[in-house]
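Coordinates in review
In case you want the letters, here they are:
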Amino acid sequence: MSGLLSIIVPVYNERATIGAVIDRLLTIDLPLDREIIVVNDGSTDGTRAVLDALAPGRDSVSVVHLPANRGKGHAVRVGLPRTRGTITAIQDADLELDPAQLKDLVQPILHGEADAVYGSRFLVPSFKVPFVTRVGNQTLTWMTNVLFGQSLTDMETCYKIIRGDIARALDLKADRFDIEPEITVALLRHGHKIVERPVTFSPRSRAAGKKLRWRHGIKAIRMLWRHRRG
């Protein structure tokens, strides 16, 4: 086994699922070693206690507790400089995406076929994706393709798997969900090759803790336009 996969897990108020996510990340079959960096973004629901109970004795898991909630983007940016891997991945803490899929997503990078791999929820048609989510994602992805000459199907995916040296060199500023277009823009503007692979997706409702809102889409549009003109 060669190489190391660094998995950043930004988490905010996910007491019910974070333990299962870490257990899955520790036990899934991977073609390389792993390290798991959990960034607790100021959770107030007991997530911190769950993490403190899980971490001791698990050498491949490190936990960073932030004093206040600043958003997913900030948590990812805190995690990135702590990574050591030849490949870096982002894993949400809500189990909408099965961590076992990482085994296939790292393959194009391991084989030198891509600099980054996006796990697309739309390469295979799925009725599980809510209509509003689908339309919002398609709009942002279409805008990305038009502005940057791409043919992506799921720019907003959580599953962005990136060569480690490239990921650590990204000059990211976003604090919230606009981190998704910012990562994409940074990769494309530096000429890095992105490929997509299909992933399965089990969405949860707002009542179950879904945090993405329409205003995040507006911020994403502004991010794409600002960087295209910059």
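Structural data are supplied above this passage.
Summary of the structure given here.

Thresholds, definitions, all that
Residues numbered from 1 in each chain as written. Predicted model: local features only at pLDDT ≥ 70, side-chain atom pairs only at ≥ 80, totals over all residues. Heavy atoms only, no water. Phe/Tyr/Trp six-rings, centres within 6.5 Å; stacked < 30°, edge-to-face > 60°. Lys NZ or Arg CZ within 6 Å of the ring centre and 35° of its normal. Salt bridge = Lys/Arg side-chain N within 4 Å of Asp/Glu carboxyl O. Helix = DSSP H or I, 4+ residues; strand = E, 2+ residues; numbered from the N terminus. Buried < 20%, exposed > 50% of the residue type's maximum accessible area, 1.4 Å probe, protein only.

Here we take up the packing of aromatic side chains. This model, assessed by the stated rule, comprises zero aromatic pairs. For Arg121, the ring lying beneath its charged end belongs to Phe201, and the centroid distance is 5.0 Å. The lysine or arginine in question, Lys160, covers the ring of Tyr118, its NZ or CZ lying 4.9 Å from the ring centre.

Tallied over the full model, the rule gives 14 salt bridges. In this structure, Glu113 and Arg197 form a salt bridge, with 3.9 Å as the shortest nitrogen-oxygen distance. In this pair, Glu113 sits in the loop between helix 5 (107-110) and strand 5 (116-120) while Arg197 sits in strand 7 (residues 194-198), placing the two residues 84 residues apart along the sequence. On the accessibility criterion, Glu113 (39% relative accessible area) is partly exposed. When its relative accessible area of 31% is taken as the criterion, Arg197 is described as partly exposed. Here the salt bridges do not stand alone but share partners, grouping Lys72, Asp92, Lys160 and Glu180 into one network.

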